[in-house]
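Given next are the chains, with one letter for each unit.
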Amino acid sequence: MKGISTSLSGSENNLVSLTKSPAFVKIMGFSFLCLSLFIILRSFSSDITTVSNPTTPSLAFSMSFTSTPTAGDNPYPPPSAAAAVPKLRQPGMERTGIVDENGAMTTEFVVGDFDEEVIDSVVDEKNGSDENGGVLRGKIGKFKVCDERMRDYIPCLDNMEGILERHCPPKGKGLDCLVPWPKGYKLRITWPKSRDEALLLKSSSFKQIWLSNVARTPFAKGKAGNKWVVRKGDKYIFPGDMTQFSQGVNQYLDQISKMVPEIAFGQRTRVVMDISCGIASFGAYLMDHNVSTLSIATKDVHNNQIQFALERGVPAMFAAFTTHRLLYPSQAFDMIHCSRCSINWTRDDGILLLEVNRMLRAGGYFIWAAEPVHKHEENLFAPFKEMEDLTRRLCWELLKKEGDIYIWRKPLNNSCYLSRAPAVQPSLCSAGDDPDNVWNVNLTKCITQLPENGYGANVTAWPARLHSPSDRLFSIKMDAELSRREIYKAESNFWYAVIKGYIGAFRWEKLNLRNVLDMRAVYGGFAAALHDFNFDCWVMNVVPISGHNTLPVLYDRGFIGVMHDWCEPFDTYPRTYDLVHAAALFSVEKNRCNATTIMLEIDRILRPGGRVYIRDTTPVIEELIEIVQALGWVSFKYDSSEGPHSNWKLLIGEKRL
């Protein structure tokens, strides 16, 4: 035992001496450091969630559920038990902006994909609980439903003053309830389905809507059964043989093309305004020619023509030629059409036709199909002579007259105006007049001058103009003088990648989109992406008055749009849009408008069954979640492409029928 004890004592002495040696201390310290780094890296990497391939444009939205849908309602089913674990972000930084590592502008950058497994894995369709098992509830109560009589309420127009001139409710008197939809309301008849049925009925632009979805106004009752609208069971159908097109719309369009072949629908002529549009059959038929037509009409107490147009899926909105400029920029429309629109263009020194001149693109066409006058009614020819005299003083060229159809062309530059005698009226507007300033601007009795640099007249033909940066980019009053084209292209690339992600993750191809609203369109990249992915829809692009006026660029691109103040209601019927999109809108407007006011307006104009996509900062999204739940929508919240620690989030709201 003594030997053993002595041996152990020796070993202990050797161990003590070893642990005190400098080499041992270094080895242990290095080992401890490696172990610490391993633990830290393991802990950090467990919190990272991204997409599988870092070389693919990415928009990895991980999802947290923010409402309590009923069982079986969840559109994003949970994954199988064998769902793969999301791959971690690979080493090597990727550029995610529009400025490269040298500080130069670029149009190539990473946005991101959606990982459907990550999205699906956090949805609990049974009880709508969060990851900790708690049920998610809003902090405010539900909004009440408005009186049944308000089902077609348009806040700024449904009053006697608003019928003649737009008057919105004063602050504090706006909408505070949910506008109800009609009893028996049904999801709209999808555009492709109605078009396919049209072929069987030998009517290429045949459209149909549910009888229960439109107001039972004198228009609906009076027009049903004639050539405008035909009632068939529980539907209204639109044969196209309308009063002002006695031989049908297609024959009318063929006649125009033969009169002036240079109009070239779908190539040179891409964006059209149809004034006093009836039920918008003119615009509906032009869709077959790749023409985007904005149909406008006044609001009055006797009809709901615009509601018929929107329910059909045709671009339309309220607009009236009164005392203010219409909310469209100068040189917006390649063609403006007026068929028996009952407007006296020559009254008050031609002030209304001067407004048409402002909106008409240089070299664009004005088509006037007047009320027919018979030879024995010589006294009724005076308005035609007055119209010809006024258009001559406007330097419009009368290209063709055939029957009751007149086609004029606006000049390409100011040379004709400058060569007129000084006393000729109307005079040119002053050099300080901004023809693109349209919000609450009075009409003036002067001719809008065309830019000396040719901006507006030099757009390319469709479809090349869709992705060709417009020269009018440089007419926008904003910073970044030298990088505007790069910003324009970068915005298009960004939204292309985003929509690609939406298609993959949210199955957009199954949404049957038709009427779409972009509440903050900027350069129209969102609408361009929808077109590039062949969505059979149209987009109303809105430029808020609180930002830069990019409307001229949108029209040069081949889209329609309008300027608007989102602190006020939008001039359209309830249940207009299938999809409402808002990117950074609430952050921009938070110091001007109450978010609840805007959300109530979105609910008013969103169709039952429609969806809202809102991309904004985290504090804004958290506030909107409570409002969305009070509206009764089903909502979903996602992280942005930058990950869970980014300040940007995506909120999706569904207004279910």
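Residues numbered from 1 in each chain as written. Predicted model: local features only at pLDDT ≥ 70, side-chain atom pairs only at ≥ 80, totals over all residues. Heavy atoms only, no water.

### Re a nonpolar patch on the surface
- Together, W181, L187 and L657 give the surface a local cluster of nonpolar side chains, amounting to about 280 Å² of exposed area.
- You can see W181 is positioned in the loop between α4 (160-164) and α5 (191-200).
- A residue is classified by how much of its surface remains accessible, and W181, at 31% relative accessible area, is partly exposed. (Patch = residues over 30% accessible without salt bridge, like charges linked within 9 Å, V, L, I, M, F, W, Y side chains within 5 Å. Areas by Shrake-Rupley, 256 points an atom, 1.4 Å probe, with all protein chains shown as cover. Salt bridge = Lys/Arg side-chain N within 4 Å of Asp/Glu carboxyl O. Helix = DSSP H or I, 4+ residues; strand = E, 2+ residues; numbered from the N terminus. Buried < 20%, exposed > 50% of the residue type's maximum accessible area, 1.4 Å probe, protein only.)

### As for the packing of helix α17 (residues 595-605) against helix α18 (residues 618-631)
- Following both chains from N to C, one finds α17 and α18 inclined at 45°, their axes separated by 10 Å at the closest point. When the interaxial angle is binned, α17 and α18 end up oblique. Considering only the axes of α17 and α18, their crossing is right-handed. Judged by residue contacts, A595, T596, M599, L600 and D603 of α17 engage E623, L624, I627, V628 and L631 from α18.
- Looking at the contact of α17 with α18, its residues break down into 7 nonpolar, 1 polar and 2 charged. (Axes fitted to C-alpha atoms, helices over the stretch in contact; angles between N-to-C directions. Parallel < 35°, antiparallel > 145°, perpendicular 65-115°, else oblique. Left-handed = near helix turned anticlockwise from the far one by under 90°. Contact = heavy atoms within 4.5 Å. Nonpolar A, V, L, I, M, F, W, Y, C, P; charged D, E, K, R; others polar.)

### Here's the deal with the pairing of strand β14 (residues 515-518)
- Burial of the side chains of β14 extends over both faces: N515 and L517 are buried on one face and V516 and D518 on the other.
- With 4 bridges connecting them, β14 and strand β15 (residues 538-544) associate as parallel partners. Each bridged residue has a counterpart across the sheet, and for D518 the counterpart in β15 is N541.
- Crossover connection from β14 via helix α14 (residues 525-532) to parallel β15: handedness right-handed.
- Bridge analysis of β14 against strand β17 (residues 577-583) gives 3 bridges, and the strand direction is parallel. By the bridge assignment for β17, L517 is matched with V580. (Pairing = 2+ DSSP bridges. Right-handed = clockwise from strand over helix to strand, strands pointing away.)

### Side note on the state of the cysteines
- A complete count under the given rule lists 6 disulfides for this structure.
- Across the disulfide from C146 sits C177; the S-S distance is 1.9 Å. Judged by the sign of its S-S torsion, about 105°, the cystine formed by C146 and C177 is right-handed. Note that C146 is positioned in the loop between α3 (116-121) and α4 and C177 in the loop between α4 and α5, a separation of 31 residues in sequence.
- Each sulfur in the disulfide pair C338 and C341 lies 1.6 Å from the other. With the S-S bond torsion at -55°, the cross-link from C338 to C341 turns out left-handed.
- Accessibility expressed as a relative area gives 7% for C341, which makes it buried. (Disulfide = S-S within 2.5 Å.)

### A few points about helix α13 (residues 484-506)
- The terminal C-alpha atoms of α13 lie 32 Å apart, and with 23 residues this matches the ideal 33 Å at 1.5 Å per residue to within 8%.
- In the stretch just after α13, R507 is the one whose phi turns positive, near 55°. (Expected span 1.5 Å × (residues − 1).)

### What about the sheet that holds strand β6 (residues 292-297)?
- Here 7 strands make up an open sheet; going across it, the order is β7-β6-β5-β8-β9-β11-β10 and the pairing mixed. With partners counted over all chains shown, the strands left at the sheet margins are β7 (316-318) and β10 (397-402), one partner each. Mean inter-strand twist for the sheet, computed between neighbouring axes without regard to direction, equals 20°.
- Together, β8 (333-339), β9 (360-369), β10 and β11 (405-409) form the strand contacts of helix α7 (residues 249-259), whose direction differs from that of β11 by roughly 45°.
- The strands that helix α9 (residues 305-312) touches are β6 and β7; relative to β7, the one it contacts most, it runs at about 155°.

### As for the confidence of the model for the protein chain
- This prediction gives the protein chain a mean pLDDT of 79; 70% of its residues lie at or above 70.
- This stretch, residues 43-96, has a pLDDT under 50; its non-local contacts, to residues over four places away or in other chains, come to 130 contacts.
- Ignoring residues within four places in sequence, the model shows residues 194-206, a span with pLDDT below 50, making 22 contacts including any to other chains. (pLDDT = per-residue confidence, 0-100.)

### What to know about the side chain of R607
- For R607, the location among the structural elements is in strand β18 (residues 606-617).
- Since its relative accessible area comes to 3%, R607 is described here as buried.
- Here the side chain of R607 touches L310 through a polar contact of 2.7 Å, landing on its backbone oxygen.
- Here D578 takes part through its side chain, which lies 2.9 Å from a polar atom of the side chain of R607. (Polar contact = N/O pair within 3.5 Å; in protein donor to acceptor, adjacent residues only side chain to side chain.)

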